[in-house]
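Summary of the model geometry
Take a look at the letters that make up each chain.
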Amino acid sequence: MKRNFHTFLLAIFVLTIIHSCGPYSKLYRSDNTDRNYNGILSDSTYNTLKLFLVKTTSKKLNDTLLIKYDYNNETCWDLLDQKVDDYILGFVTRHKERLQKVEKTRPNVSAFNFREPGNNLNKIIQLNNLIIIDSSKQLFNLIFSERCTCGSSIIVMPDKRFVFLRSDSHSELLDLSKEQIDEILNKKYQ
């Protein structure tokens, strides 16, 4: 009996270590200066990204690319998950309307929503049929390999410069003005 108890405790200890060493995801709050950054994509990364988007979405690409990426095993919307699906679908519908408005009012923009493959997703992600599954994890490996709680977003300009937002739970990149984008693009990061 005592031996079984020790085996049980050892198993719990090992499982705890394995669980804590799993994919780490950091939450960046809006006041965190590390939340966003800028850079320039290499020619190969930029070309690979455009080819991936065309192949995956069959959509004509405009000059500026807006991409929101959500992760599997996410906890961002756990409280919302406790609501009924009809309530959550209201959020999904409003997000779809925001995307349509952005693409209609900003004709040089192509907007995309992707997610990592997997089945451990918040309902707000599961119920949104516009979110494309990055089944090969090519986009994950190319741009979004740094896991952030609540997903991340990127704006890629035609000159390959980009603005990256970590923990972009509310798809704030859709609402950034030209001035805000320019401010981030011109900011010097260390």
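For the structure, see preceding data.
These remarks concern the structure in this document. (Residues numbered from 1 in each chain as written. Predicted model: local features only at pLDDT ≥ 70, side-chain atom pairs only at ≥ 80, totals over all residues. Heavy atoms only, no water.)

**Remarks on the overall build of the protein**
The number of helices and strands found in the protein is six helices and six strands. Reading the protein from its N end, one meets helices and strands in the order α-β-α-β-α-β-α-β-α-β-β-α. Every one of the 190 residues in the protein was classed for burial, and the buried ones make up 39%. A fraction of 70% describes how many contacts in the protein between residues 6 or more apart in sequence connect residues 24 or more apart. A total accessible area of about 11700 Å² is found for the protein, and carbon and sulfur atoms account for 54% of it. (Helix = DSSP H or I, 4+ residues; strand = E, 2+ residues; numbered from the N terminus. Buried < 20%, exposed > 50% of the residue type's maximum accessible area, 1.4 Å probe, protein only. Contact = heavy atoms within 4.5 Å. Areas by Shrake-Rupley, 256 points an atom, 1.4 Å probe, with all protein chains shown as cover.)

**A look at the packing of aromatic side chains**
All told, the structure shown has ten aromatic pairs when counted by the stated rule. Judged by centre distance (6.4 Å) and plane angle (40°), the ring pair of Y69 and F140 falls under tilted. With Y69 in strand β2 (residues 64-70) and F140 in helix α5 (residues 138-142), the pair connects residues that are 71 residues apart, well separated along the chain. With centroids separated by 5.4 Å and ring planes inclined at 70°, the aromatic side chains of Y87 and F91 adopt a geometry described as edge-to-face. Of this pair, Y87 and F91 both sit in helix α3 (residues 85-105), four residues apart, roughly one helical turn. What makes Y87 partly exposed here is its relative accessible area of 43%. Its relative accessible area of 30% is what places F91 among the partly exposed residues. Among the aromatic side chains, those forming a connected cluster through ring pairs are Y37, Y69, Y71, F140, F144, F162 and F164. (Phe/Tyr/Trp six-rings, centres within 6.5 Å; stacked < 30°, edge-to-face > 60°.)

**As for the state of the cysteines**
In the structure shown here, the tally under the stated rule is one disulfide. Put simply, C76 and C150 are joined by a disulfide, and their sulfur atoms are 2.0 Å apart. One disulfide, between C76 and C150, carries an S-S torsion of 95° and so falls in the right-handed class. Here the residue C76 occupies a position in the loop between β2 and α3, and C150 occupies one in the loop between α5 and β5 (152-156), the gap between them amounting to 74 residues. (Disulfide = S-S within 2.5 Å.)

**Brief notes about the environment of N47**
Its place among the elements puts N47 in helix α2 (residues 43-57). Sequence separation between N47 and K160 is 113 residues, and the spatial gap between their C-alpha atoms is 9.7 Å.

**Here's the deal with helix α6 (residues 178-186)**
For α6, every residue scored as buried is listed here: I181, I184 and L185. The arc that holds the buried residues of α6, viewed along the axis, is 100°, so those residues lie on one side. Pointing more than 90 degrees away from the buried face of α6 are the exposed residues E179, E183 and N186. If you follow the buried residues of α6, they end up packed against β1 (36-40), β5 and β6 (161-166). (Arc of directions from axis to C-beta.)

**Focus: the nonpolar core**
Of all hydrophobic cores here, the largest spans 20 residues; its most connected members are L49, L53, I67, L139 and F144. For this core, the secondary structure elements donating two or more residues are α2, β2, β3 (109-115), α5, β5 and β6. No other element matches the four residues that α2 contributes to this core. The contact partners of F144, leaving out residues within four places of it in the chain, are I67, Y69, Y71, L139, S152, S153, I154 and F164. Counting 15 residues, the second largest nonpolar core, distinct from the first, contains A111, M157, L173 and L176. (Core = buried A, V, L, I, M, F, W, Y, C linked by side-chain atoms within 4.5 Å.)

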